[in-house]
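A closer look at the structure
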Amino acid sequence: MEISKETIDRISTAKTIVFFTEAGISAESGIPVFRGKDGIWNKLKPEELANFNAFLKNPEMVWEWYNHRKKIIHDSKPNSAHLTIAKLQNFFQNVIVITQNIDNLHRRAGSKIIYELHGNIERNYCVKCHTFYNQEIDLSHGVPKCECGGLIRPDVVWFGEYLPEDQLNAAERAAENCDVFFIIGTSGVVYPAASLIYTAKENKAYLIEINIESTEISYLADESLIGKAGEILPEMLEKIKSKIGST
Ligand code: BV8
Ligand code: ZN
């Protein structure tokens with residue numbers, strides 16, 4: 001993979017590096033992405049699944065979908081892309097992950113600073129009293145209910161719902177104050193998360209896109225690397241290590 005000298009220089013001299021990641025970074029862990037030929041949403045539309053009204057109308061179907069995804073995630077492992085991002089913490093002052101993924105793979109890979117913009121599939125809460133239920137959800141007795149009688153839902157952000165303010169504000173600050181901003185495995189169409197790319201650009205960060213194809217935001221990147229994140233990132237780490245002379 002041809003990575004420009006400018007890119008290696010910019011990374012090697014960076015103090016703060018942000019990794020903005022999406023479904024594509026988890027594809028090599030066996031977790032299906034949303035769009036594209038085998039995307040989850042080919043079968044069902046997002047509005048039928050990832051939104052609160054769909055949940056109220058048919059909580060069984062929505063829970064079936066999330067439990068299906070939980071099983072896939074439970075059996076998956078962080079791939080070399082997640083692991084390389086975690087390793088980079090040993091070489092740079094600040095390595096920050098901003099993810100739209102709900103699969104917890106960055107945390108399992110060892111990343112320390114992670115802003116989860118769209119929640120986390122391993123957490124659940126009662127829609128009525130907001131009590132958290134983070135043990136495995138058993139669907140054998142129908143839709144899980146709280147002691148107060150309220151429905152229990154996954155702690156993920158659905159379409160039409162606000163992102164967690166603390167995570168979004170922290171992500172904004174990171175995008176405003178970083179030297180290098182990686183955009184990995186996203187089609188860049190879901191907002192307000194995608195607006196962080198423009199924030200990083202305005203802050204004069206060096207933007208590096210890693211994707212298996214070019215996207216709507218490729219024009220913003222200072223370098224667009226076409227290929228699998230799990231292959232490009234480990235190769236990039238080797239080039240950086242030889243550049244900064246660490247063993
Ligand atoms: C909201 C959690 C305020 C649930 C998800 C402008 C401003 C604000 C809002 C909007 C706006 N325009 C439209 C909206 C509404 C909406 C939106 O953005 N719609 C889109 C579809 C146009 N946004 C919202 O509703 C957000 N909330 O705005 O609140 C508000 C409140 C009330 C009223 C009005 C406004 C909430 C959005 C969050 C939805 N929740 N996930 C769950 O996961 O179940 S979104 C979900 O879909 C993901 O989190 C992700 O964000 C998105 C999918 O995107 P991608 O990850 O990019 O997936 P995709 O398959 O498209 O792409 C994968 C990429 O990887 C591809 O490019 C592929 O080439 C690449 N790839 C594949 N393999 C690899 C690879 N790359 C590298 N290596 C590989 N191996
Ligand atoms: Zn309750």
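Everything quoted here is computed from the prediction, not taken from an experiment. (Residues numbered from 1 in each chain as written. Chains lettered and ligands numbered in written order. Predicted model: local features only at pLDDT ≥ 70, side-chain atom pairs only at ≥ 80, totals over all residues. Heavy atoms only, no water.)

1. What to know about the sheet that holds strand E3 (residues 113-116)
- Pairing within the open sheet is parallel, and its 6 strands lie in the order E3-E2-E1-E6-E7-E8. Pairing within the sheet leaves two strands with one partner each, and these edge strands are E3 and strand E8 (223-226). The sheet shows a mean angle of 15° between the axes of neighbouring strands, direction not considered.
- Note: strand E1 (residues 16-21) against strand E2 (residues 94-99), 6 bridges, orientation parallel. Paired with Phe20 across the two strands is Ile98, which belongs to E2.
- Against the sheet, helix H8 (residues 165-176) engages E1, E2, E3 and strand E6 (180-184), with an angle of about 125° to E3. (Pairing = 2+ DSSP bridges. Helix = DSSP H or I, 4+ residues; strand = E, 2+ residues; numbered from the N terminus. Axes fitted to C-alpha atoms, helices over the stretch in contact; angles between N-to-C directions. Contact = heavy atoms within 4.5 Å.)

2. With respect to the pairing of E8
- Of the two faces of E8, only one is covered, namely that formed by Glu223 and Leu225; the face formed by Ser224 and Ile226 stays uncovered.
- Note that strand E7 (residues 206-211) and E8 share 4 bridges and pair parallel. Across the sheet, residue Ile210 finds its bridge partner in E8, namely Leu225. (Buried < 20%, exposed > 50% of the residue type's maximum accessible area, 1.4 Å probe, protein only.)

3. Here we look at the pattern of salt bridges
- Summed over all chains, the structure comprises 9 salt bridges.
- The residue Glu116 makes a salt bridge to Arg107 at a minimum N-O spacing of 3.3 Å.
- Sharing partners across several salt bridges, the network here consists of Arg107, Glu116, Arg123 and Asp155. (Salt bridge = Lys/Arg side-chain N within 4 Å of Asp/Glu carboxyl O.)

4. Digging into the nonpolar core
- By size, the foremost hydrophobic cluster in this structure holds 27 residues, and its most contacted members are Ile11, Phe19, Phe182, Ile184, Leu233 and Met236.
- Elements represented by at least two residues in this core include exactly helix H1 (5-12), E1, helix H6 (80-87), E2, E6, E7 and helix H10 (229-244).
- The element that contributes the greatest number of residues to this core is H10, accounting for 6 residues.
- Beyond its immediate stretch of four places on either side in the chain, Met236 contacts Ile3, Ile8, Ile11, Phe182 and Leu225. (Core = buried A, V, L, I, M, F, W, Y, C linked by side-chain atoms within 4.5 Å.)

5. A short note on the domain arrangement of the chain
- Domain annotation of the chain identifies domain 1 (1-31 + 78-118 + 162-247) and domain 2 (34-75 + 123-156).
- For domain 1 versus domain 2, the distance between C-alpha centres works out to 28 Å.
- Contacts between domain 1 and domain 2 engage 11 residues on the former and 10 residues on the latter.
- Considering only the surface of domain 1 that becomes buried against domain 2, Ile31, Ile102 and Arg108 emerge as the three largest contributors, covering 42% of it.
- Joining domain 1 to domain 2, the criterion identifies 1 salt bridge.
- With its nearest N and O atoms 3.3 Å apart, the salt bridge here joins Glu116 to Arg123.
- Seen at the junction of domain 1 and domain 2, the total is 2 residue pairs in polar contact (both at pLDDT 80 or more). (Domains from an automatic or database assignment. Buried area = accessible area lost by both parts, 1.4 Å probe. Polar contact = N/O pair within 3.5 Å; in protein donor to acceptor, adjacent residues only side chain to side chain.)

6. Considering the side chain of Thr16
- Examined against the element boundaries, Thr16 turns out to sit in strand E1.
- Overall, the relative accessible area of 11% leaves Thr16 in the buried class.
- For Thr16, the side chain forms a polar contact with the side chain of Asn94, separated by 2.9 Å.
- When sequence neighbours within four positions are dropped, the list of residues in contact with Thr16 reads Asn94, Ile96, Asn177, Cys178, Asp179 and Val180.

7. Remarks on the packing of aromatic side chains
- All chains considered together, the criterion is met by 8 aromatic pairs.
- Centre to centre, the rings of Phe52 and Phe55 are 6.3 Å apart; their planes meet at 25°, and the pair counts as stacked. In this pair, Phe52 and Phe55 are both assigned in helix H4 (residues 52-57), 3 residues apart and thus about one turn of the helix distant.
- Since its relative accessible area comes to 27%, Phe52 is described here as partly exposed. (Phe/Tyr/Trp six-rings, centres within 6.5 Å; stacked < 30°, edge-to-face > 60°.)

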